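# Per-entry structural report
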Amino acid sequence: MSRFFSQKYSQLIPYTPGEQPKDNKYIKLNTNESPFKPSKKAIKLAKTQAKRLNLYPDPTCSILIREMAKTFCVKENQIILGNGSDEILNYIFLAYCDNNKGAVFADITYGFYSVQADLLGVKYKKIPLKEDFSICVEDYFNAGNVIFIANPNAPTGINLSLSDVEKVLINNKDDIVVIDEAYVDFGGDSAIKLIDKYQNLIVVQTFSKSRSMAGARLGMAFANENLIQDLNSIKYCINPYNVNKMTMCAGVGVMRDQRYTLLNCKKIISAREWTVCELSKLGFTCLPSKTNFIFAKHCKLGGEFIYKKLKENNILVRYFSSERIKDFNRITIGTKKQMEVFVDTIKQIVKE
Ligand SMILES: *Cc1c(COP(=O)(O)O)cnc(C)c1O
């Protein structure tokens, strides 16, 4: 830290992204990316923009917003786009949290929420998940603060029903409820259909997971038009050109290739179910996943041990050192072939 760094950041602990090795020797099952290439339509449209990079992109992202409004059956003014959904989450913290309004989220959830809160000096409360790692919705009633729920949750993979989401919304009429649906396409039920019904709901999604575009950085939020207006005010103060030309056109391609996304999600779900079944035979407990990853724990071997052994065998998974989940590994679902290699390697490790 330099002597010039603002005092207010003296305690800052930045978010640690999963490993992104430069060489291709690893089977990457550690950061929940899609193993499938982006849609061909997306690549083709992104390419058309390369020669126009001398010009700024459209700050309103109108072409993409139009496509998305059609696909998601919402109004154009009910969508905002961001440089990844992480940026949207940043806008939400800036727009709705301050000295008086803190944040609440689960003790085990997406690590970026607490990082944002710390950065902005926002107070937050962590609500422990139940013993089985599911959310107890009553714990979120009348929270008096902005609520962040990843649904399905990460890294547990567990889904909360839409009726439970509605209970949280109804019991927090005067507070914003953010439902982060980064993984909803792998078996969850989206709350987007509720944005007209609840004035306090913001649904966040991303192109990074089910849409094979983690490298393009494109995320979005859906909410009633007043909330979207708030978020746009923040966006225009930070980075009006937050979505670059190539990414925006790639996004249009993805929207016009919905069948490809759905097909890939089906493949992931089927590889997931197969992997869970195989892991169970090998002494693992897997939490019920509605995502593109599995959160699994072995009856004897520790999480760090398995992580290290897999890495020696050129397979990367994610291991978390925090006390409550240190016996687990988060394993991203790759192609069926990758999962077969993974299971074979796990068999070796368990046998030893
Ligand atoms: C991956 C992830 C995000 C961030 O996705 P980007 O759009 O790539 O920034 C947000 N929330 C959760 C729960 C995630 O797992």
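Reference entry: report on the structure contained in this document. Since the model is a prediction, treat every value here as computed from it, not as a measurement.

### Details of the sheet that holds strand β13 (residues 328–332)
Paired through backbone hydrogen bonds, the strands of a sheet run either parallel or antiparallel to each other. Taken in spatial order, the 4 strands make up an open sheet running β9-β10-β13-β12, and their pairing is antiparallel. The outermost strands of the open sheet, each flanked by one partner alone, are β9 (284–286) and β12 (318–319). Against the sheet, helix α8 (residues 258–281) contacts β9, β10 (293–298) and β13, and its axis sits at roughly 0° relative to β10. Set on the sheet, helix α10 (residues 336–351) makes contact with β9, β10 and β13; between it and β13 the angle comes to about 155°.

### Looking at the packing of helix α3 (residues 85–96) against helix α4 (residues 112–120)
It is at 10 Å that the axes of α3 and α4 come closest, and there the two elements cross at 45°. In this view, α3 runs oblique relative to α4, as classed from their interaxial angle. Between α3 and α4 the crossing geometry is right-handed. Each of D86, L89, N90, F93 and L94 in α3 lies in contact with α4, whose residues at this interface are F112, Y113, Q116, A117 and L120. Per-class residue counts for the contact of α3 with α4 are 7 nonpolar, 2 polar and 1 charged.

### A look at the site of the ligand
Taken together, G84, S85, D86, Y110, D180, A182, Y183, T206, S208, K209 and R217 are the residues near the ligand. Contact between the ligand and D86: an oxygen atom at 3.1 Å from a main-chain N or O atom of the residue. In this structure, an oxygen atom belonging to the ligand sits 2.6 Å away from a side-chain N or O atom of S208. Taking 390 Å² as the accessible area of the ligand by itself, protein coverage stands at 93%. With respect to the detected pockets, the ligand is housed in the largest pocket. The residue inventory of the shell around the ligand, partitioned by class, reads 3 nonpolar, 4 polar and 4 charged.

### Brief notes about the sheet that holds strand β7 (residues 201–206)
Read across the open sheet, the 7 strands follow the order β2-β8-β7-β6-β5-β3-β4; overall the sheet is mixed. With one partner strand each, in any of the chains shown, β2 (79–82) and β4 (124–127) form the two edges of the open sheet. Sheet twist, expressed as the mean angle between neighbouring strand axes with direction ignored, is 20°. Its contacts with the sheet put α3 on β2, β3 (103–106), β5 (146–150), β6 (177–180), β7 and β8 (219–223), and the angle it makes with β7 is roughly 160°.

Analysis parameters
Residues numbered from 1 in each chain as written. Predicted model: local features only at pLDDT ≥ 70, side-chain atom pairs only at ≥ 80, totals over all residues. Heavy atoms only, no water. Pairing = 2+ DSSP bridges. Helix = DSSP H or I, 4+ residues; strand = E, 2+ residues; numbered from the N terminus. Contact = heavy atoms within 4.5 Å. Axes fitted to C-alpha atoms, helices over the stretch in contact; angles between N-to-C directions. Parallel < 35°, antiparallel > 145°, perpendicular 65-115°, else oblique. Left-handed = near helix turned anticlockwise from the far one by under 90°. Nonpolar A, V, L, I, M, F, W, Y, C, P; charged D, E, K, R; others polar. Near = heavy atom within 4 Å. Polar contact = N/O pair within 3.5 Å; in protein donor to acceptor, adjacent residues only side chain to side chain. Areas by Shrake-Rupley, 256 points an atom, 1.4 Å probe, with all protein chains shown as cover. 1 Å grid on protein atoms, 1.4 Å probe; cavity = no way out; pocket = protein on both sides within 12 Å on 5 of 7 lines; lining within 4 Å. Sits in = over half its atoms within 2 Å of the grid points.

It is worth stressing that arrangement in space is one thing and function is another; only the former is reported here.
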